[in-house]
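# Observations on the three-dimensional arrangement
Residue-level listing of the chains:
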Amino acid sequence: MNFWRINKLKEELINQTISQSNLFLYYFMTGIFFSLMIIPNFNYYEDYQNISSHWIDWTSTTLVYLLGLYFSFKANKGNAGKHFIDRVASLEVVLGIRYLFFLYLPLTVIWSIFFEGGIYSDFVQLINNIIFETVIMLRVIFCIKEIAIQK
């Protein structure tokens, strides 16, 4: 299973050499992520000062994600494409891990040091979440397009 090297994963997806056990692990990791998000008393939005920021964050990141899925489907040649779910799930896991370390955590540290509790706290956190989701979905779309062209 590949957790880091996106080029190796793309090569496996192009050649369809990715094993079913690895695909299961990618799906399983996605399931774990979503189950962690709905743990009782876990409030993903607790850092926001204003209640409307919760809804703006949820709406904008959900919209970015759903649009990203749609454009990923189109990049995978739509109805004529193959292995869409396998490609999306595995790419989202690997890219999510990479950008968590190289984008989201540094932006969160900057937010914590300079903006937390201030008047721009909610705005900066919103931008952080929207940028993170947008970058992952754009990379997924471009990777799927590369895979679909190669195949």
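Scope of this entry: the structure provided in the associated data block. Fair warning: this is a prediction, and the values are worked out from it, not measured in the lab.

If you check the backbone angles, Lys77 has positive phi at about 70 degrees while not being a glycine. When you line up the elements, Lys77 lands in the loop between helix H3 (51–75) and helix H4 (84–115). Note on Lys77: relative accessible area 48%, which makes it partly exposed. Backbone geometry at His83 places phi at a positive 60 degrees, although glycine is not the residue there. Here His83 is to be found in the loop between H3 and H4.

Turning to the nonpolar core, a few remarks are in order. Of all hydrophobic cores here, the largest spans 23 residues; its most connected members are Ile6, Leu9, Leu91 and Ile144. The set of elements that each furnish at least two residues to this core consists of helix H1 (6–15), helix H2 (20–37), H4 and helix H5 (121–150). With residues near it in sequence (within four places) discarded, Leu9 still touches Asn2, Ile18, Tyr26, Ser90, Leu91 and Val94.

Two elements in contact, H4 and H5, have axes separated by 9 Å at closest approach and are oriented at 155 degrees. Comparing their axes, H5 and H4 come out roughly antiparallel. In the crossing of H4 with H5, the sense of the turn from one axis to the other is right-handed. A breakdown of the residues in the contact of H4 with H5 according to their chemical character gives 22 nonpolar, six polar and three charged.

As a further point, take the packing of aromatic side chains. Using the criterion set out here, one finds seven aromatic pairs in the structure. Considering the side-chain rings of Tyr70 and Phe71, the 5.3 Å spacing of their centres and the 70 degrees angle between planes classify their relative orientation as edge-to-face. By the ring-pair criterion, three or more aromatic residues cluster together here, those being Trp4, Phe101 and Phe102.

Where H1 meets H4, the axes come as close as 10 Å, and the angle between the chain directions of the two elements is 175 degrees. Taken as axis vectors, H1 and H4 run roughly antiparallel relative to one another. Along the contact surface, H1 presents Ile6, Leu9, Lys10 and Leu13, while H4 presents Asp86, Arg87, Ser90, Leu91, Val94, Leu95 and Arg98. In terms of residue class, the contact of H1 with H4 is built from six nonpolar, one polar and four charged.

By the element assignment, Thr61 lies in helix H3. Residue class for Thr61 comes out buried when judged on its relative accessible area of 15%. Among the polar contacts listed, one links the side chain of Thr61 to the backbone oxygen of Asp57, at a separation of 2.7 Å. Discounting chain neighbours no more than four positions away, the residues touching Thr61 are Asn129, Ile130 and Glu133.

Quick look at H4 now. Because each turn of an α-helix spans 3.6 residues, side chains separated by three or four positions in sequence point in the same direction. Over its 32 residues, H4 extends only 40 Å from the first C-alpha to the last, a length that falls short of the 46 Å expected when each residue adds 1.5 Å. Taken as a whole, H4 carries its principal kink of about 50 degrees at Leu100. Of the residues trailing H4, Gly117 is marked for its positive phi of about 85 degrees.

Applying the stated criterion across every chain yields a total of one salt bridge. Across the pair Glu146 and Lys10 runs a salt bridge whose closest N-O atoms are separated by 2.4 Å. Taken together, the positions of Glu146 in helix H5 and Lys10 in helix H1 put the pair 136 residues apart, joining distant regions of the chain. Classification of Glu146 as partly exposed rests on a relative accessible area of 37%. In this structure Lys10 comes out as buried when scored by relative accessible area, which is 9%.

Thresholds, definitions, all that
- Residues numbered from 1 in each chain as written.
- Predicted model: local features only at pLDDT ≥ 70, side-chain atom pairs only at ≥ 80, totals over all residues.
- Heavy atoms only, no water.
- Helix = DSSP H or I, 4+ residues; strand = E, 2+ residues; numbered from the N terminus.
- Buried < 20%, exposed > 50% of the residue type's maximum accessible area, 1.4 Å probe, protein only.
- Core = buried A, V, L, I, M, F, W, Y, C linked by side-chain atoms within 4.5 Å.
- Contact = heavy atoms within 4.5 Å.
- Axes fitted to C-alpha atoms, helices over the stretch in contact; angles between N-to-C directions.
- Parallel < 35°, antiparallel > 145°, perpendicular 65-115°, else oblique.
- Left-handed = near helix turned anticlockwise from the far one by under 90°.
- Nonpolar A, V, L, I, M, F, W, Y, C, P; charged D, E, K, R; others polar.
- Phe/Tyr/Trp six-rings, centres within 6.5 Å; stacked < 30°, edge-to-face > 60°.
- Polar contact = N/O pair within 3.5 Å; in protein donor to acceptor, adjacent residues only side chain to side chain.
- Expected span 1.5 Å × (residues − 1).
- Bend = angle between axes of the 7 residues up to and from the residue.
- Salt bridge = Lys/Arg side-chain N within 4 Å of Asp/Glu carboxyl O.

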